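Inside the fold
One letter stands for each residue in the lines below.
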Amino acid sequence: RFEDMKTKFDIYESPFSEETRNIRRNSLLACGLCLFIGLTENLPSKFGLLGLSFDVRQQYVIGWFILSVALYHFLHFLASGGIEFVNWIKPRFIDLVMTKKANETGLFDDDSSGDFYEGGNELDPSKIASEIKQASLVKVEHRLRYLYKIIFLKLVIEVLVPVVVAIWGLTALALFLACR
């Protein structure tokens, strides 16, 4: 297990940096706008902030522009968020592999604790304490494994919802514009 907190998996920590969260927010807003336009099948005819009005042909171009901006933000989120997500989840997978290997070798078996002192072996007490601590951590994590399943809810909220909204919104607007 890693003792360095920077490489330790932390369920309470967001998988994304502040920059990626901003990109995700922009992607959700743009794709949410696409979804709204696609479901209502009504392109904006006015842009209130600038006082602009558009005719029917311009509305069509504005629709494709909104779609392209939303697609850009979504791809930007996938590119930066994907890398950060992999870096966030990687320590957990390494930890699972190491635990599996330790269990396969029998290092943390209940009946292996007496092996430290058999045959006149004099091991370093700090090493013994470290291995006992490791065995205790494995047992505690095993008992709490069902609580760690909450991470899937976090993954749904942080990753899956933005991706689904983006794909749905982009598809709805693209179909509306293509059929027009």
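One can find the structure itself at the top, above this paragraph.
These remarks concern the structure in this document. (Residues numbered from 1 in each chain as written. Predicted model: local features only at pLDDT ≥ 70, side-chain atom pairs only at ≥ 80, totals over all residues. Heavy atoms only, no water.)

Here the focus is the overall build of the protein. Along its length, the protein carries four helices and two strands. The order of α-helices and β-strands along the protein, N terminus first, is α-β-β-α-α-α. By the burial criterion, 31% of the 180 residues in the protein qualify as buried. Accessible surface, the protein: about 12,300 Å² in total, of which carbon and sulfur atoms supply 65%. (Helix = DSSP H or I, 4+ residues; strand = E, 2+ residues; numbered from the N terminus. Buried < 20%, exposed > 50% of the residue type's maximum accessible area, 1.4 Å probe, protein only. Areas by Shrake-Rupley, 256 points an atom, 1.4 Å probe, with all protein chains shown as cover.)

This next bit is on the environment of Leu 75. Within the secondary structure, Leu 75 sits in helix H2 (residues 56–105). Sequence spacing of Leu 75 and Ala 166 is 91 residues, and the spatial spacing of their C-alpha atoms is 9.6 Å.

Now for the packing of aromatic side chains. Enumeration over the complete set of coordinates arrives at two aromatic pairs. Each ring, one from Phe 16 and one from Phe 77, has its centre 5.6 Å from the other, and the planes form 65°; the classification is edge-to-face. In this pair, Phe 16 is assigned in the segment before helix H1 (18–40) and Phe 77 in helix H2, connecting sequence segments 61 residues apart. When its relative accessible area of 5% is taken as the criterion, Phe 16 is described as buried. (Phe/Tyr/Trp six-rings, centres within 6.5 Å; stacked < 30°, edge-to-face > 60°.)

Before going further, it helps to spend a moment on unusual backbone geometry. Glycine aside, the phi torsion of most residues is negative, and most peptide linkages are trans. Even without a glycine there, the phi angle at Glu 41 is positive, about 50°. Relative to the elements of secondary structure, Glu 41 occurs in the loop between H1 and strand S1 (46–47).

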